[in-house]
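Remarks on the overall topology
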Amino acid sequence: MRSPWSLGLALLLALISRATCLDIPLEVEQPPTITSHTPSPVIVLPIDDDITMRCEARGNPPPVYRWTRDGEEFIPPYIPTKNTDHSNGNFVLYSRHRATLQGKYRCYASNKLGTAMTEEIELMIPRVPRFPKEVIGPVVVDVGQPVILKCNPPEGVAPREIYWMSIGLQHIEQDERVSMGNDGNLYFSNALETDSRQDYCCYASFATIRTIVQKTPMTVIVKSSIDPPMRIPNLLVPPGVQTEVVLIKGKELELECIAEGFPTPKVEWIKMGEHLPARTKIKNYGKLLTISKIEKKDYGKYMCRAENTAGATVHYFDVIVEEPPKWRTEPPQGQLVVVGSDISIKCSVLGIPPPDITWKRNGEILKDEPSNRILVLDDTVLLHNARPEDTGVYQCEVSNTHGSLLANVNIMVMTMGPLMLTRDKQEYAVVQGGDIIMNCSVFSSPPPEISWAKDETPGTIEGERFSVHRNGSLQIISAEKEDSGEYECSAINTEGKSAVTAVLEVKDSTKIRDPPQDMQIISGTTAQLRCQVDCDDTLVKTLEMIWLKDGEEIPLAFMENFKYVACMLQIMNVNQSDQGVYTCIAKTSLDQTNASATLTVLDIPDAPVEVEMSEQKGRSVRLSWTPGSDHNSTVTEFIVEFEENQWEPGRWKELQKVPGNQATAELALHGHLSYQFRVYAVNAIGPGPPSEPTERFRTLPTGPDRNPENIKIQGHLPHQMEISWEPLLPIEHNGPGLEYKVSYRRLGLGEVWKEHLVRRHLLVVKNTPTFVPYEVKVQSKNGDGWGPEPKIVTGYSGEDVPTAAPRNVAVEVINTTVLRVSWTPVPLETVRGHLEGYNVHWLRTQSLLYPSKGPGERRSLSFPGNRSHGIVPGLKPYSEYNFTVNVFNKKGNGPHSDLVSFHTPEGVPEQVPILTASNAQTDSISLVWGPPLEAHGILIGYLLQYQLVNETTKEVGDSQEMNITGPDTTHWQIEGLEEGSLYRFHLSACTRVGCGPPLAQEGNTLAQSSISTQGWLIGTMCAVALLTLIALIACFVRKNKGGKYAGTLPPPQRPDMFSMDQGQSVTDQGRVPMSFHLRNAMLVQHVNTISVAQCVLLGTSDYMARQARQVGISWLCSTLLHPSPARAPGSSPVPLCCLVSEPNSDSQ
């Protein structure tokens, strides 16, 4: 009997709070703790390879392991290998040892502080299932008697399935009369003669080991009976009147009643005193009741009732629901206490029946101490005034008939100063606005008091943003830049004090500067979602961009149509599956942020469905349909199409448009056609696919709905008239035998209509007067009637060419190149057709400046309509022209009028082709030019204008001008200019009418300092120029005589450079006679009768080339060996260029 003190202590310890739960770092000595082991049971199949039994634990010192089997010490078979691991208690059961190793195993892990153990691990090695070999005699019964064929299947690895089949593997048919019970037997409530057979076979299938076994076939012989007697039901299963069923909570309840009797009984189920649970199912033709996941409230009395016309029988089931042991809340936890403390270990469990509890310490049975310092009170162990030697592993083992539980409870009794487990100077980083936890892991007994300080200043960690957790860690919420610095964690208890330092850096947070935006995109195009991010400079290398679609990450590396380029997600060839919510996640090692946008894909609408016809009449039908998806773009209209199989089978045509908010259409149709219809929708993206076609609908024949249109009356010959029209389309015939009735008569004479019935769409009426008006009408007709009354159109018979010419042709001057020509129109009756207009013809007979030139090209201009004058542009000034006029109709031209001659007045000249400034002095410049190619009159001289130009500001001074008389003048020396200045010169050629457009050129006078250094160059250049010209003339002479330099003039568009030392020359094409003139008193040389060539000294050959191309003449250059005296020292060589006139041009 326990003392009053022990009972009081038990009550006291039961009321005190639990000591600190164990969470001891491995750096501290502690008893073993099982971390993993093989769960029970272990079923070893014949097909399995070697089996590993696992047992792993942690502890300090590291634990050693041992095993027991069926309560006896067990030494596992040991075969050393290179991979043998001695840090755990695992061992391998090799297949050759398998047969002898069945049993219940337990693993123990021990060190100097205690022993932990596992629950029992049952190793099961089932045998291969077999039916026994036996001889089974036939079962002989009378008709109406019950039959039981026993299977007695062998035990084996679950799951096991039982089948009744014949030798030929045909299933035995089962019903209310014949069925298989849960025990595998085949039950016949009453036998029929058709049940007689010799091959009733029971098969047992074990899917886990892929095995099927067969029982010896059985024979049933049913004797015939004329009138078998009725029998009241009797239960074959279960026997007796009442059965007790004990079931574990959560399992499936199965209650079975199989009755025999004649006729075949029916089985009903009830629960006494209440309704059957909702989870109840009746199976096997009413003979089996099941309730899934049985609960405590399902216990009670159930009854089955088997009844036929002869009577009834019942059976009662007492259902008891039990459960294996389970923890009331959680398993008992380990405790760390100081020496002298009182300890209570409670093992709170539930179970039906109530579990038994066994207490052990380090694997050995724990008993009360005589001094009552240790008491074992059913589910509680009490330790009074704990000592260090009480440290160990306490086991609470709980069991009832349905299972067992085991808890290892580590108890540590010790006293120790704070041991810092967190590394000193640990660095932490957090982004601004984020939360951070800085660890301060400490172990001590008794537990320490922990405090934090920043920068060694007490009281600096205060406020709602700072909190110290129970495990000692410091949490800072919404970190700020000022939170950066060093933090000290101090731990103190009765045994001592310790401290560590943590370093915190607060960085800039990651932000999405340019988030993705909601967008609508057309299917098949490319969508671009931007996501531009800013983050702390120190976190750039860890920045990672992740894209989600509808919450799922997009694997960009494996998606061909997704690409991430320059802060942008590109989705190529977008389709409907790409629609959704896209989220951009910017993630660094410290934080992450995100932004989302909705991508809406616009596409063409889906095809309408359920297209149906209704209200079918002779030539009309009502069509209705159900619209398909518009794919985010509203349907604007529906297009109804038709196809008919008579004229254009297989070709679909548009019939009617329907607004997008309607889904029906009234269709008016043509007659005598077999139609089918389909519909497609149109939205802003485009037309969608068509629907499936309807069934065919045939319309009734009727007369034509309309007459031909676009009737044309014309005559290609003077005495006939052609009547043509646009025929009706084939689908407009409305019936067979289409024809046209053509009626015509002369207009205004009151004649009787002349009629013709034709099938073609053309009628030629012959022997008509020339160009007289007619009335015509065309009416359509088929075998079922006439079309509507036709409209009358008017037209004319065939045309002929006009017979009269315009009179009184006169010419009026508008300017030097434009004239007004007038005439008297011809009488309309002479036109003999539709008057189309008048033609004006003219010819330039000669130039008044060069009368010897032949006539030019003949030209004409048409003036439509009935008119009496016209404006003729593009004439040459100072020329003689001839004019005529004629009228024309559709048939052709009438005769020409009398010839009229006229002189165009004199005009202003064209621009001079060349202007160059040369021979510059301090106060003068020489100008050299060529005459205009077209003078347009008598050339009387030139107008020269010049201005001083500021070379810095480009401003120009006052303009000065002078008239240069004499048409042959091509050079001029301008005196009185300012020294070292830039001048701009404008030169125009003049006739008696006025001056033409000017040509501009700029030139510089010399400064006084350059005259002495360049004077010798002038003489040298002139000498070289003279020698060059002499060489050119000699070349032309020798060319005309043939020999080494004979050849052909290069084409005008190819400028060929030549130098004096190469001795090259140029000749005119086709040896056309040509003469050279060097103006400005330089040189004149005649060679036979060669045409004129003018040679001038130019500033640059490029300028010469541009000018030559503008006037369309050939050019040649010979580069001088010395710079021009008009240029500064060091400038480019100045070429001597010759302009060669085209032999047959009008220019001089």
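Residues numbered from 1 in each chain as written. Predicted model: local features only at pLDDT ≥ 70, side-chain atom pairs only at ≥ 80, totals over all residues. Heavy atoms only, no water.

The name recorded for the protein chain in an unreviewed UniProt entry is Cell adhesion molecule L1-like b, from Myripristis murdjan. Recorded in UniProt for the protein chain, the comment headed Subcellular location (unreviewed entry) runs: "Cell membrane". Listed under Sequence similarities (unreviewed entry) in UniProt, the entry text for the protein chain is "Belongs to the immunoglobulin superfamily. L1/neurofascin/NgCAM family." (UniProt positions renumbered as here; feature names shortened; annotations may be inferred.)

Within the protein chain one finds three helices and 90 strands. Counting only residues that meet the buried cut, the protein chain has 43% of its 1148 residues in that class. Of the contacts made within the protein chain by residues no fewer than 6 positions apart, 66% connect residues no fewer than 24 positions apart. Of the roughly 59,700 Å² that the protein chain leaves accessible, carbon and sulfur atoms contribute 51%. (Helix = DSSP H or I, 4+ residues; strand = E, 2+ residues; numbered from the N terminus. Buried < 20%, exposed > 50% of the residue type's maximum accessible area, 1.4 Å probe, protein only. Contact = heavy atoms within 4.5 Å. Areas by Shrake-Rupley, 256 points an atom, 1.4 Å probe, with all protein chains shown as cover.)

Take the sheet that holds strand E35 (residues 380–383) next. Ordered by their spatial adjacency, three strands build an open sheet running E30-E35-E34, and the pairing between neighbours is antiparallel. The open sheet is flanked by strand E30 (343–346) and strand E34 (374–377), the only strands paired with a single partner. The mean angle between the axes of side-by-side strands here comes to 10 degrees, regardless of whether they run parallel or antiparallel. As paired strands, E30 and E35 are joined by four bridges and run antiparallel to one another. Looking at E35, one finds that Lys 346 is bridged to Thr 380. (Pairing = 2+ DSSP bridges. Axes fitted to C-alpha atoms, helices over the stretch in contact; angles between N-to-C directions.)

A few words on the sheet that holds strand E60 (residues 653–659). Read across the open sheet, the four strands follow the order E60-E59-E62-E63; overall the sheet is antiparallel. Lying at the two open borders of the sheet, with one neighbouring strand each, are E60 and strand E63 (697–698). As defined by bridge partners, strand E59 (residues 635–644) adjoins E60 across six bridges and the pair is classed as antiparallel. Counterpart to Ile 639 in the pairing with E60 is Lys 657.

One broad rule of soluble globular proteins: the nonpolar side chains tend to lie buried together. Leu 149, Trp 164, Leu 186, Phe 188 and Tyr 200 are the most contacted members of the largest nonpolar core, which totals 24 residues. At the level of secondary structure, the elements contributing two or more residues to this core comprise strand E13 (147–149), strand E14 (160–165), strand E16 (186–188), strand E17 (197–206) and strand E19 (218–223). Once residues within four sequence positions are removed from consideration, Tyr 200 is found in contact with Leu 149, Trp 164, Met 165, Ile 172, Leu 186, Phe 188, Asp 195, Thr 216, Pro 217, Met 218 and Val 220. (Core = buried A, V, L, I, M, F, W, Y, C linked by side-chain atoms within 4.5 Å.)

The final tally for this structure, using the stated rule, is seven disulfides. A sulfur-sulfur separation of 1.8 Å characterises the disulfide bridge that pairs Cys 440 with Cys 489. Here the S-S torsion is close to -80 degrees, and the disulfide linking Cys 440 with Cys 489 is therefore left-handed. With a gap of 49 residues between them, Cys 440 in the loop between strand E40 (436–438) and strand E41 (442–445) and Cys 489 in strand E45 (residues 485–493) connect regions that are remote in the sequence. For Cys 440, a relative accessible area of 2% gives the class buried. According to the relative accessible area criterion, Cys 489 is buried, its value standing at 0%. Each sulfur in the disulfide pair Cys 990 and Cys 995 lies 1.9 Å from the other. A torsion of 95 degrees about the S-S bond marks the disulfide between Cys 990 and Cys 995 as right-handed. Classification of Cys 990 by relative accessible area gives buried; the value is 6%. Assessed through its relative accessible area of 35%, Cys 995 is described here as partly exposed. (Disulfide = S-S within 2.5 Å.)

Further remarks concern the pattern of salt bridges. Summed over the entire model, instances satisfying the criterion amount to 48 salt bridges. The residue Lys 215 makes a salt bridge to Glu 134 at a minimum N-O spacing of 2.6 Å. Residue Lys 215 is found in the loop between strand E18 (211–214) and E19, and its partner Glu 134 is found in the loop between strand E11 (121–124) and strand E12 (139–142); the two are separated by 81 residues along the sequence. For Arg 361, the salt bridge is made with Asp 390, and the minimal N-O distance between the two is 4.0 Å. In this pair, Arg 361 sits in strand E32 (residues 356–361) while Asp 390 sits in the loop between E35 and strand E36 (392–400), placing the two residues 29 residues apart along the sequence. Here Asp 390 falls in the buried class, since its relative accessible area comes to 2%. (Salt bridge = Lys/Arg side-chain N within 4 Å of Asp/Glu carboxyl O.)

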